[in-house]
Amino acid sequence: MLSACGGGDGGGSTTGATGGPTPTPTPVSTACTLRARQDWAAAQLNEWYLFSDTLPASLDPSPYSSLDDYIDALTATARGQGRDRYFTFVTSIAEETAYYNSGSDVSLGVRLATDTTGRRLAVIEAFEGGPALTAGIDRGTEILAIGTSTSNLQTVSSLADAGGVSAIVTALGPDTAGTSRVLRVADAGGVRVVTVTKRAFELTPVSSRYGSRIIDYAGHRIGYVNLRTFISTADPALRTAFAQFRAQGITEIVVDLRYNGGGLVSIAKLMGDLMGGARATTEVFDYETFRSEKSSSNLTRYFSAQPEAIAPTRIAFIGTPSTASASELVINGFVPYLGTNMALVGGNTYGKPVGQIAIDRTECDDRLRIVAFATQNSARSGNYFSGLATVVPRTCQAYDDISRPMGDAAEVMTRQALDFIVGGSCTPITMTASARSARAPVSDESGTLLTPDKPRAAQRDVPGLF
């Protein structure tokens, strides 16, 4: 079993840090029939689910045509209370392992968002090594029409009018290598038609283009780091970024987590340690707390010394309602230590102060992610199901300016974060951003991140990935 903390989209996102409690073996049939899988899932939930009092005393699985639907029904009460918004789910062991180990994914290699009307589609991020960026499609590109050939292009607005977001998702095709789509796109270079073919690539958690830099701003030298997702390959990239900051005496930093839906707790802990150069190894980074009868699994994480660590005096965390779980764990972890010397910049975060464990049924390639523990900072604060905007002492509202690269000092969110660092004033974040669809976090000015009804493993932690 793996302890976990993810959840960028409403489907909830999984993460997995090795270690954690050992589950009690549950005898199950080796046959992977739907009923056998349903019975197995119910047994694991009854043993480990954090909100055990919300589980039905019994629920006949017969009316449910899929394992996903049955799990959703079992957790419906906690979801209605806003405590488990599809964070408990089943996924593929093989698919999830490939993603968390290396960022492996098959897609166009972009993050997509619709505007507030749902009738326009924009690329808000393009990933290095992905087919879309290779074809010249980058942040700020608008997708006007989608087809399988130039003769059957359908405009995004007509797709939305006919079937809403689901029709747009369907038009983009299955996430299998070799799937090609013809796109009419518009960007600074004008309108053109391109063909992009989905293929496997490894998503890099820290961009080689803008993921880490030092910005000279208003007489200050400020470190900037953008983390896309908490996966294993983020370890060397984060160490490299912070080693650069340390070598140049940087103590003021901007940490950009604006679309980061979560990931491995182990990487969240590393990120905390890299910003914990002033923290003693006796000081708490976070608490992990299971339900009372599983209290033997509770865990306290202390700061650990890292050779690349810095001792920040001010941190601006960039977030949006797509910023979730492991991202929120990191932000919340510094509230007791930095207080008003840190700020949340952008919009309110998603609100997922809980984490999942993973229980595998290898013969069926089933990995059941169960919300099993709550996370709290050293002050035992962790009840931020409505987001961190009311938890972080300082907040600064800003919109996501997709006309400019992230990390550009002129990009609105980045500029507001830099302004906070140098002592500028700002407008506090309101809570209105938290009024969003459970399955589709909002990305501020960009609208809504495009999210399928059944996101695959990578899409849970990289919301909007296609």
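Residues numbered from 1 in each chain as written. Predicted model: local features only at pLDDT ≥ 70, side-chain atom pairs only at ≥ 80, totals over all residues. Heavy atoms only, no water.

Draft legend 1. Here's a closer look at the sheet that holds strand 14 (residues 252-256). Read across the sheet, six strands follow the order 12-13-14-18-19-22 without closing on themselves; strand pairing throughout is mixed. Across the chains shown, the open sheet's two edge strands, defined by having one partner strand only, are strand 12 (212-217) and strand 22 (395-397). The average angle at which neighbouring strand axes cross in this sheet is 20 degrees, direction not considered. Relative to strand 13 (residues 220-226), strand 12 runs antiparallel, the two being bridged by six bridges. Directly across from Arg213, in strand 13, lies its bridge partner Tyr224. Helix-sheet contacts for helix 10 (residues 412-421) involve strand 12, strand 13, strand 14, strand 18 (314-319), strand 19 (342-346) and strand 22, and the interaxial angle to strand 18 is about 160 degrees. (Pairing = 2+ DSSP bridges. Helix = DSSP H or I, 4+ residues; strand = E, 2+ residues; numbered from the N terminus. Axes fitted to C-alpha atoms, helices over the stretch in contact; angles between N-to-C directions. Contact = heavy atoms within 4.5 Å.)

Draft legend 2. Quick peek at the packing of aromatic side chains. Within this structure, the stated rule accounts for ten aromatic pairs. An aromatic cluster is built from Phe285, Phe303, Phe334 and Tyr337, whose rings are joined through pairwise contacts. Positioned above the aromatic ring of Tyr350, the side-chain terminus of Arg85 is 4.0 Å from the ring centre. Its end group placed over the ring of Tyr287, Arg380 keeps NZ or CZ at 3.5 Å from the ring centre. (Phe/Tyr/Trp six-rings, centres within 6.5 Å; stacked < 30°, edge-to-face > 60°. Lys NZ or Arg CZ within 6 Å of the ring centre and 35° of its normal.)

Draft legend 3. Structural view of the state of the cysteines. Enumeration according to the criterion identifies two disulfides in this entry. Two residues, Cys32 and Cys364, share a disulfide whose sulfurs are 1.9 Å apart. Its torsion about the S-S bond being -95 degrees, the disulfide of Cys32 and Cys364 is classed as left-handed. In this pair, Cys32 sits in the loop between strand 2 (5-6) and helix 1 (34-48) while Cys364 sits in the loop between strand 20 (354-361) and strand 21 (366-376), placing the two residues 332 residues apart along the sequence. (Disulfide = S-S within 2.5 Å.)

Draft legend 4. Spatial organisation of helix 9 (residues 326-338). With 13 residues, helix 9 ought to run about 18 Å at 1.5 Å a step, and its terminal C-alpha atoms sit 19 Å apart, in line with that. Taken across its 13 residues, helix 9 has eleven buried, putting it largely inside the fold. After helix 9 finishes, the residue Gly339 shows a positive phi value of roughly 55 degrees. (Expected span 1.5 Å × (residues − 1). Buried < 20%, exposed > 50% of the residue type's maximum accessible area, 1.4 Å probe, protein only.)

Draft legend 5. Spotlight on helix 2 (residues 67-74). All of the buried residues in helix 2 are Leu67, Tyr70, Ile71, Asp72 and Leu74. In the core, the buried residues of helix 2 are packed alongside helix 1, helix 3 (76-80), strand 3 (89-92) and strand 21.

Draft legend 6. Structural context of the confidence of the model for the protein. Here the protein shows a mean pLDDT of 91. Residues at 70 or above account for 90%. Note on residues 7-29: pLDDT under 50 across the span, and 109 contacts to partners over four residues away in sequence or across chains. Every residue in residues 433-446 is under pLDDT 50, and counting partners more than four places away or in other chains gives 63 contacts. (pLDDT = per-residue confidence, 0-100.)

Draft legend 7. View of the environment of Gly163. Tracing the sequence through the fold places Gly163 in helix 6 (residues 156-171). You can call Gly163 partly exposed: its relative accessible area is 39%. For the pair Gly163 and Thr395, spaced 232 residues apart in the sequence, the C-alpha separation amounts to 37 Å.

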